[in-house]
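Structural features, examined
Each chain is listed here by its residues.
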Amino acid sequence: MQNIYRSLLLFSLSSLSGLSVANAQSLVSGFMAGKGHGSVVVSGTVERYSSVYLAPAKIDKVPIFEEVRVSSVNLYGSYGISDKLEAVVSLPYIESKGNADEQVIKAQNYTNRRAGLQDLTVLLKGKVLSRELGTNVLDILAVLSASTPVSDYKSETGLGYIIAIGNHAKKATVSGVAHLKTVSGVFFTGQAGYSVRDNSAPNAFVAETKVGYAGPKLYVDALASFQHSDKDGTDILQPGFTGFFPATRVNFVRLGASAFRPLAKGFGLTVGVNTYVAGRNVGKSTGVSGGVAYNF
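1. Topic: the overall build of the protein
Counting its secondary structure elements, the protein contains 2 helices and 16 strands. Expected size for 296 residues packed as a compact globule is a radius of gyration near 19 Å; at 19 Å, the protein falls within 12% of this value. Reported as C-alpha extents along the three principal axes, the dimensions of the protein are approximately 65 × 40 × 30 Å. The burial tally for the protein puts 52% of its 296 residues in the buried class. Intrachain contacts of the protein at a sequence separation of at least 6 include 63% that bridge at least 24 residues. Surface summary for the protein: the accessible area is close to 12,800 Å², and the carbon and sulfur share equals 61%. Positive and negative charge centroids in the protein, built from 28 and 20 side chains respectively, lie 6 Å apart.

Here it is as structure tokens:
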């Protein structure tokens, strides 16, 4: 069972600016890798959307670009500093492509493609409490994370930045996690936190709930993720909007599922799906993910 527990933080992407958000799975799991153990994962995600959650209602076409496709490759690594402290790093490369008319592209000096390395994320996760509840175990974790852009990708003023690959903001997030493991392998995880951002990006409350099964030959989960930005942000194409997308309020509810199958000699395969079912200033995106993990 310990090998499967070291395999659960498998693939993740950071939130994007404009109308696109690319998230596969959370970087934070309720399981701990253990001292000297960890994972290295290379994963890919493909998403698309043609509908957009704006304020006050959803619209059926992306402004200017009609449809947006986001492809990404993410490098992830985790390492157990001790049995109660774990470090995680993640770095995605993202390509965002629109479908704007070529005459519009030339007239407005836009581009249908933006790509590059996005934001490096580093986090520390610590177990602060563990209690036995009959045959079950409840763990309470604390998480501190920070991210910063690692390339000069652009996210400036103008509708051409609807397809920007990020909001070019530094972020710091503090979260708490409750994780219940049952003797059958079924588990429940809930986490909530607050994210502080610069570059005029609104701060946000973030949360996630997850239920799943972790066995020696299979891991599966279903999740619901939430983000609610502070009210000092703007709404796209509404009064107060200056065309600067990082300053917009980005709210969403995202549902997803993932699975992991261990193979021989520490290797395993991951797959996942996710879709946005509600939001504000975000694309109604649906995506699929897959990756290869090595656990040590």
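What follows picks up the thread again.
2. Describing the sheet that holds strand 3 (residues 58–59)
Spatially, 3-2-15 is the arrangement adopted by the 3 strands of the open sheet, whose pairing is antiparallel. The open sheet has two edge strands, strand 3 and strand 15 (282–283), and neither has a second partner. Of the pairings in the sheet, the one linking strand 2 (residues 52–53) to strand 3 comprises 2 bridges and is antiparallel in character. Paired with Tyr53 across the two strands is Lys58, which belongs to strand 3.

3. Some details on the environment of Ser51
Along the chain, the position of Ser51 falls in the loop between strand 1 (38–49) and strand 2. As a C-alpha pair, Ser51 and Val282 span 231 residues in sequence and 9.1 Å in three-dimensional space. Look past the residues within four positions of Ser51 in its chain and what remains in contact with it is Lys58, Ile59, Asp60, Gly283 and Lys284.

4. So, unusual backbone geometry
Peptide bonds are mostly trans, and most non-glycine residues show a negative phi. Cis geometry marks the peptide bond from Ala55 to Pro56; its omega dihedral reads 10°. Relative to the elements of secondary structure, Pro56 occurs in the loop between strand 2 and strand 3. Here Asn199, not a glycine, exhibits a phi torsion of approximately 55°, which is positive. Relative accessible area serves as the criterion here: at 28%, Asn199 is assigned to the partly exposed category.

5. Some thoughts on the pairing of strand 14 (residues 267–280)
Pairing analysis gives 12 bridges linking strand 13 (residues 251–262) to strand 14, with the strands arranged antiparallel. In the sheet register, Ala259 faces strand 14, and the bridge partner there is Val271. Counting the residues in the hairpin turn of strand 13 and strand 14 gives 4 residues, including Lys265, whose phi is positive at 60°. Bridging between strand 14 and strand 16 (residues 286–295) involves 9 bridges; their strand directions are antiparallel. The partner of Thr270 across the bridge, within strand 16, is Gly291.

6. Section: the confidence of the model for the protein
Per-residue confidence for the protein averages 90 on the pLDDT scale, and 92% of its residues sit at or above 70. In the model, residues 1–18 has pLDDT below 50 throughout and makes 83 contacts with residues more than four positions away in sequence or in other chains. This model gives residues 20–24 a pLDDT under 50, and the stretch forms 31 contacts once residues within four places in sequence are excluded.

7. As for the pattern of salt bridges
Under the defined criterion, the tally for this structure stands at 11 salt bridges. In this structure, Arg48 and Glu67 form a salt bridge, with 2.2 Å as the shortest nitrogen-oxygen distance. Linking Arg48 in strand 1 with Glu67 in the loop between strand 3 and strand 4 (68–82), this pair joins segments that are 19 residues apart in sequence. The class of Arg48 is partly exposed, set by a relative accessible area of 34%. The partner of Glu95 in a salt bridge is Arg113, and the shortest N-O contact between them spans 2.6 Å.

8. Regarding the packing of aromatic side chains
Under the defined criterion, the tally for this structure stands at 7 aromatic pairs. For the pair Phe241 and Phe245, a centre-to-centre distance of 5.4 Å together with 70° between the ring planes defines the contact as edge-to-face. Across the pair, Phe245 and Phe241 agree in class, each one buried. Judged by centre distance (5.4 Å) and plane angle (80°), the ring pair of Phe252 and Tyr276 falls under edge-to-face. Separated by 24 residues along the polypeptide, Phe252 in strand 13 and Tyr276 in strand 14 bring together distant segments of the chain. Judged by relative accessible area, which is 0%, Tyr276 ranks as buried. Through a chain of ring-to-ring contacts, the aromatic side chains of Phe31, Phe187 and Tyr219 assemble into a single cluster.

9. Thoughts on the pairing of strand 7 (residues 119–133)
Across 6 bridges, strand 5 (residues 85–98) lies against strand 7 in antiparallel orientation. Each residue of the ladder has a partner; that of Val88, found in strand 7, is Leu123. Pairing between strand 7 and strand 8 (residues 136–149): 14 bridges, direction antiparallel. Across the sheet, residue Arg131 finds its bridge partner in strand 8, namely Leu138. In sequence, strand 7 turns back onto strand 8 through a hairpin of 2 residues, with Gly134 there showing a positive phi of about 65°.

10. Overview of the nonpolar core
With 19 residues, the main nonpolar core has Val62, Phe65, Val68, Ile162 and Phe245 as its most contacted residues. Membership of the second largest hydrophobic core comes to 16 residues, among which are Val41, Phe187, Ala214 and Phe260.

Procedures and definitions
Residues numbered from 1 in each chain as written. Predicted model: local features only at pLDDT ≥ 70, side-chain atom pairs only at ≥ 80, totals over all residues. Heavy atoms only, no water. Helix = DSSP H or I, 4+ residues; strand = E, 2+ residues; numbered from the N terminus. Rg over C-alpha atoms; globule rule 2.2 N^0.38 Å. Buried < 20%, exposed > 50% of the residue type's maximum accessible area, 1.4 Å probe, protein only. Contact = heavy atoms within 4.5 Å. Areas by Shrake-Rupley, 256 points an atom, 1.4 Å probe, with all protein chains shown as cover. Lys, Arg positive; Asp, Glu negative; His and termini not counted. Charge placed at Lys NZ, Arg CZ, Asp CG, Glu CD. Pairing = 2+ DSSP bridges. pLDDT = per-residue confidence, 0-100. Salt bridge = Lys/Arg side-chain N within 4 Å of Asp/Glu carboxyl O. Phe/Tyr/Trp six-rings, centres within 6.5 Å; stacked < 30°, edge-to-face > 60°. Core = buried A, V, L, I, M, F, W, Y, C linked by side-chain atoms within 4.5 Å.

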